[in-house]
Structure formats: C-alpha cells, structure tokens
Amino acid sequence: MELAHKTEKSIPRNAGELSETISDVVFRQIRQDIISGVLAPGVKIKLEQAKEHYSISVSSLREILSRLAMENLVLAEGQRGFEVSPASRKELEELADLRTVLETHAVALSFAAGTLEWEGRIVAAHYKLAAAERKLLGGDDSRTIDWVRYDWEFHQAIISACDSTTLMATLSSVFDRFLRYHMLARSFRGKAVVDDHRLLFELALKRDVEAARAVIRRHVQSGVEHVLASGRIN
C-alpha cells in the first residue's frame, strides 16, 4: 500500500469540534483516501504501515476499518486483515440505481417543504459549483477537489428540506461510493454535467418535481456511461 501523505490534524474552530476524537479525524481521512482513489480498489491495508502513516494505534485503526467495512468501502478478511473494496461495473450500476431511488424521493419531500432559507442554500451552493465548473471547463484541473465538494453540497442543498436525517445520511454514503467511480475515471464529464446542474437548479426554484426527477435520472445514468467509457472499470 503506497501512502503519499501524512494525515492532517485539523485545529478545532468552535466548541462543537472540540469533542472530535483523533479516531474521527483518521476515519474521515481514510474514507476520503478511498473515495479519492489515493487508496486504490483491491489494495491491502497493512496495519503497521497504516498505523505509522495515520498516526494512530492498531486497535483504533481496526475499529475504523471495521466501520468502513459497514459502508462497503473496505473488506474485512478475517485473520488476513483488510483491503479496499474492489470496483466493478455491477456495483457501479447498483449504486446508480440506489442513488436515483433515494434522490428522486428526497427531492419530492424537499420541494414540498422548502422555505426561503432553503432556496438561499440552493442559490449559494450552485454559485460555488458553477464557479468551479467554469474553471474545469477552462482546463484548470486543480479545481477538481473543489468540484467534488461543491457537487455534493449542491445536491445536498436541494434535498436538505426533506426532514429525514436517515435519508440524508444514507444518500450521502451512496453518493460518496458512486463518486469513487468518477474519481477512478479521472476525467471531468464536461459541459453536459454543467448543463444538468443548471437545469436542476432552475427546476428546484420552480418546485417542478417531475422534471427534476427526470434530470436526476438522466444525470446519474450519464455518469455511469461516462465512467464505463473511461475503460477503468471492468
């Protein structure tokens, strides 16, 4: 397992962050390393090496990897340890189906309950996403990480009025696992994805549920096609 960087321990910015443990920080770091492809599919996670890299005890590391196994991001192999979950066309298509079901359901709930503050969150999230996408369309690949974050923040803002913590958390996990495949494809989807986001933004403010659902279905399916066309997934 090649580990290219040390874990950065963030400094708490408010009282609410003071309760975050080192295990929480490392959990998020390893999870992000898997989603971003730093830890590639099928890579064996050697506990002694990972302990040094992430600056955490082996016992805590085992607990973290067991948590990630519950999200199917890591495979626990009994006495043989852990490895990053492999990537496959089957899982990609399953995640796409699940994301579509969850997100189209959440959209209907959110559009029905959304307030002026909800609309404001959507406007702000789309502004940041569109700015990052303009940079990417202009050839600035350094904004990819920004785009990854802003993409989820935009989709999250649209469904944020659904009033279901469980639905939001489940969709977040599925979204990240689906995103892992896009990171493996190593290419931005281009103007088509930008147009989808713009249209979804407009439909959200209009509260047009059925049209928004249709865009989401197309948006997710085109994502699957883009990943498969990259040739990096069997």
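What you are looking at is a predicted structure, and each value in this text was computed from that prediction instead of being measured.

Parameters and conventions
- Residues numbered from 1 in each chain as written.
- Predicted model: local features only at pLDDT ≥ 70, side-chain atom pairs only at ≥ 80, totals over all residues.
- Heavy atoms only, no water.
- Pairing = 2+ DSSP bridges.
- Helix = DSSP H or I, 4+ residues; strand = E, 2+ residues; numbered from the N terminus.
- Salt bridge = Lys/Arg side-chain N within 4 Å of Asp/Glu carboxyl O.
- Buried < 20%, exposed > 50% of the residue type's maximum accessible area, 1.4 Å probe, protein only.

(A) Just the sheet that holds strand β1 (residues 44–45), in detail. If you walk across this open sheet you meet the three strands as β1-β3-β2, and the pairing is antiparallel. Looking at which strands have only one partner, the edges of the open sheet turn out to be β1 and β2 (74–76). Both β2 and strand β3 (residues 82–84) contribute to a ladder of three bridges, which runs antiparallel. Following the sheet pairing, Val 74 is matched in β3 by Val 84.

(B) Seen up close, the pattern of salt bridges. If you walk through the whole model with that rule in mind, you get 18 salt bridges. Glu 93 serves as the salt-bridge partner of Arg 89, at 3.0 Å between the closest nitrogen and oxygen. Of this pair, Arg 89 and Glu 93 both sit in helix α4 (residues 89–113), four residues apart, roughly one helical turn. Classification of Arg 89 by relative accessible area gives partly exposed; the value is 43%. The partly exposed category is assigned to Glu 93, whose relative accessible area is 34%. A salt bridge links Arg 99 to Glu 103; the shortest N-O distance between them is 2.9 Å.

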